[in-house]
Amino acid sequence: MKKILFVNGNFNDIPLIESAHKLGMYVITSGNDPKGEGHAFSDMYVPCDYSNKEAMLNIAKQLQIDAVCSCGNDFGATTAAYIAEKLNLLGHDSYKVSKIFHEKDEFKKIAEKYGLLSPKSRSFLSENDAIKYLSKVEFPQIVKPVDLGGGKGISVANTIEQGINSIRTAFAKSKVKHIVIEDYIQGTQHGFICYIKNSKVVFDYSTNDYSYLNPYMVWIASGYPADGYQKVKKQIIHDVELLAAELNMSDGFLTIQYMMKGDKAYYLETMRRCLGNLHFKCIAEDININLYDLFVATEAGLDTERYLSSYELTGKYSGFMGIYADRNGIFESVSFDSEFEKYIFDKMMLYREGDVIENYLEDKLGMIWYSFTDELQKNLFISRRNQLCKVHYKDN
């Protein structure tokens with residue numbers, strides 16, 4: 001039985017672990033959280049911080065693994081690529097290329113080299129140097145750690161004073177003490193998800209991304225297609241295939257978060273890892289591919305044609321919604337608009353009655369996944385998105 005190492009084992013990894021078992025593989029999970037929900041589904045758990053690539057490599061060598069699978073975190077993606085490179089395993093980019101797509105400053109360098117549209121930016125390892133740079137820019141500027149996702153440590157500065165505070169926050173949040181300052185593009189935010197095979201995009205998908213109280217965290221991703229997608233589809237696919245060829249990218253997924261301004265897409269962030277929020281679950285509803293099966297087969301270096309050949313647009317319009325509070329407090333329950341609830345095909349709560357909400361801007365209470373069969377229906381509910389879900393508190 002072939003052994004596959006998953007660098008983490010939280011709830012986002014559960015469908016990946018199940019896919020690996022379907023392939024007849026022995027599953028080993030890791031990560032430094034022994035309470036991760038995914039460990040109960042694996043055959044073995046070996047604790048380790050997946051951001052420590054050398055320690056993870058040692059585990060991989062000791063266990064004589066046959067494949068490695070990343071997780072929904074940028075550190076996990078680069079560590080998996082590092083292990084694969086050192087052990088000559090299939091299914092991953094080189095470590096150098098993986099860093100390009102999972103470290104914000106590295107992608108900016110590549111975007112500039114190949115003339116891709118992306119906000120002008122500078123990266124900094126020194127807080128003082130970053131603060132000095134503020135006198136040379138026009139505001140607003142967006143400041144973010146290079147190594148964190150999910151909106152953590154990100155803020156927009158409209159003045160030098162705000163910029164200083166943003167820089168200090170970003171450095172405090174960054175594990176590697178490395179930040180980016182970039183021009184803030186005013187537009188609408190979207191996601192582009194594709195699969196690359198032999199340097200060509202074989203299917204593509206796009207979403208409208210909405211935020212709630214935290215403007216830097218995706219609250220709802222609603223597909224397909226994104227508003228205005230036909231205006232930018234040719235640009236994005238051309239750029240993706242250019243990068244795939246020039247960087248010798250491995251076959252697999254690529255996701256781009258982009259800001260649409262006018263008829264152009266400006267690239268904000270990229271990733272080749274599995275998406276968080278179990279996003280593959282709702283995309284699968286729209287394109288008829290089990291993306292978890294495809295992802296594991298890809299990263300295990302197996303044939304993927306049987307998954308890709310099932311692609312078809314189903315006529316559904318699916319998406320996810322994170323459940324967030326509008327204040328700190330003691331969680332009691334959550335309720336949904338009765339009409340909207342008919343279109344929810346799955347729910348998962350991460351908080352239980354009595355749990356304390358300490359950081360409502362970042363603490364995700366749960367998730368729902370929905371699917372519509374009519375675009376007008378989808379647009380109606382999305383226009384009412386702020387009224388679809390209500391969090392109730394015990395400390396009212």
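Structural data are supplied above this passage.
Criteria and thresholds
Residues numbered from 1 in each chain as written. Predicted model: local features only at pLDDT ≥ 70, side-chain atom pairs only at ≥ 80, totals over all residues. Heavy atoms only, no water. Helix = DSSP H or I, 4+ residues; strand = E, 2+ residues; numbered from the N terminus. Rg over C-alpha atoms; globule rule 2.2 N^0.38 Å. Buried < 20%, exposed > 50% of the residue type's maximum accessible area, 1.4 Å probe, protein only. Areas by Shrake-Rupley, 256 points an atom, 1.4 Å probe, with all protein chains shown as cover. Lys, Arg positive; Asp, Glu negative; His and termini not counted. Charge placed at Lys NZ, Arg CZ, Asp CG, Glu CD. Pairing = 2+ DSSP bridges. 1 Å grid on protein atoms, 1.4 Å probe; cavity = no way out; pocket = protein on both sides within 12 Å on 5 of 7 lines; lining within 4 Å. Points joined across faces, edges and corners; volume = space filled by probe spheres on them. Nonpolar A, V, L, I, M, F, W, Y, C, P; charged D, E, K, R; others polar. Axes fitted to C-alpha atoms, helices over the stretch in contact; angles between N-to-C directions. Salt bridge = Lys/Arg side-chain N within 4 Å of Asp/Glu carboxyl O. Contact = heavy atoms within 4.5 Å. Parallel < 35°, antiparallel > 145°, perpendicular 65-115°, else oblique. Left-handed = near helix turned anticlockwise from the far one by under 90°. Polar contact = N/O pair within 3.5 Å; in protein donor to acceptor, adjacent residues only side chain to side chain.

J.: Can you tell me about the overall build of the chain, naming the residues and giving the values?
T.: Secondary structure assignment for the chain yields 13 helices and 19 strands. The C-alpha radius of gyration computed for the chain amounts to 21 Å, which stays within 12% of the reference 21 Å derived for 396 residues, consistent with globular compactness. Counting only C-alpha atoms and orienting by the principal axes, one finds that the chain spans roughly 55 × 50 × 45 Å. The buried share among the 396 residues of the chain stands at 53%. Just so you have it, the chain exposes about 17400 Å², and 47% of that area is on carbon and sulfur atoms. Measuring between centres, the 45 positive side-chain charges of the chain sit 3 Å from its 52 negative side-chain charges.

J.: Outline the environment of Glu-103, listing residues and values.
T.: Relative to the helices and strands, Glu-103 is located in the loop between α4 (95-102) and α5 (104-113). When the C-alpha positions of Glu-103 and Asp-49 are compared, they lie 18 Å apart, and in sequence the two are 54 residues distant.

J.: Explain the sheet that holds strand β2 (residues 26-29) to me, and be specific about the residues and the numbers.
T.: A sheet is described by the order of its strands in space; here four strands give the open sequence β3-β2-β1-β4, paired in parallel fashion. Across the chains shown, the open sheet's two edge strands, defined by having one partner strand only, are β3 (44-45) and β4 (67-69). Sheet topology note: the strand β1 (residues 3-6)/β4 ladder contains three bridges and is parallel. Its bridge partner being in β4, Phe-6 is matched across the sheet by Cys-69.

J.: Summarise empty space enclosed by the protein; cite the residues concerned and give the values.
T.: For the structure shown, the criterion picks out four cavities of 30 Å³ or more. For the largest cavity, the calculated volume is near 150 Å³. Gly-91, His-92, Asp-93, Arg-272 and Glu-299 are the residues nearest the centre of the largest cavity, which is lined by 18 residues in total. Taken together, the elements giving at least two residues each to the lining of the largest cavity come down to α3 (74-87), α4, β12 (252-261) and α10 (291-299). For the lining of the largest cavity, the residue count by class is five nonpolar, eight polar and five charged.

J.: With reference to specific residues and values, describe the sheet that holds strand β16 (residues 344-349).
T.: In spatial order, the strands read β13-β12-β9-β10-β11-β14-β18-β16; together these eight strands make up an open sheet with antiparallel pairing. Across the chains shown, the open sheet's two edge strands, defined by having one partner strand only, are β13 (264-271) and β16. The average angle at which neighbouring strand axes cross in this sheet is 25 degrees, direction not considered.

J.: Can you break down the pattern of salt bridges residue by residue, with the values?
T.: Two side chains of opposite charge can pair, provided their charged atoms sit close to one another. Under the defined criterion, the tally for this structure stands at 18 salt bridges. Measuring nitrogen to oxygen at the nearest pair gives 3.4 Å for the salt bridge that ties Glu-106 to Lys-109. One end of the pair, Glu-106, and the other, Lys-109, are both in helix α5, three residues apart, so they sit about a helical turn from each other. You can call Glu-106 partly exposed: its relative accessible area is 22%. The residue Lys-231 makes a salt bridge to Asp-263 at a minimum N-O spacing of 3.8 Å. Of this pair, Lys-231 sits in helix α8 (residues 229-246) while Asp-263 sits in the loop between β12 and β13; the two residues are 32 residues apart in sequence, bridging distant segments of the chain.

J.: Just give me the short version of α4, but keep the residues and values in it.
T.: Among the eight residues in α4, six count as buried, and that is most of the element. Those residues of α4 that sit buried are Tyr-95, Val-97, Ser-98, Ile-100, Phe-101 and His-102. Check the buried side of α4 and you find it contacts α2 (53-63), α3, α5, α8, β12 and β13.

J.: Could you give an account of the packing of helix α1 (residues 14-22) against α10, naming the residues involved and the relevant values?
T.: At a minimum axis separation of 8 Å, α1 and α10 run at an interaxial angle of 70 degrees. The orientation of α1 with respect to α10, classified from their angle, is roughly perpendicular. As α1 runs across α10, the sense of the crossing is right-handed. Contacts from Pro-15, Leu-16, Ser-19, Ala-20 and Lys-22 in α1 reach Tyr-292, Asp-293, Phe-295 and Val-296 in α10.

J.: Describe the environment of Ala-325, naming the residues involved and giving the relevant values.
T.: With respect to the element layout, Ala-325 can be found in the loop between β14 (317-323) and β15 (329-336). The class of Ala-325 is buried, set by a relative accessible area of 1%. Here Ala-325 is in contact with Tyr-212, Leu-213, Ile-357, Tyr-360, Leu-365, Val-391 and Tyr-393, once residues within four sequence places are set aside.

J.: I'd like to hear about the side chain of Asp-286, residue by residue, with values.
T.: Of note, Asp-286 is situated in helix α9 (residues 279-287). In this structure Asp-286 is buried but unpaired, with Lys-316 as the nearest side chain of opposite charge at 6.9 Å. Within the local environment of Asp-286, its side chain forms a polar contact with the side chain of Ser-318, the two groups lying 2.6 Å apart. When near neighbours in sequence (up to four residues on either side) are disregarded, Asp-286 contacts Tyr-205, Gly-223, Tyr-224, Glu-312, Leu-313, Thr-314, Lys-316, Tyr-317 and Ser-318.

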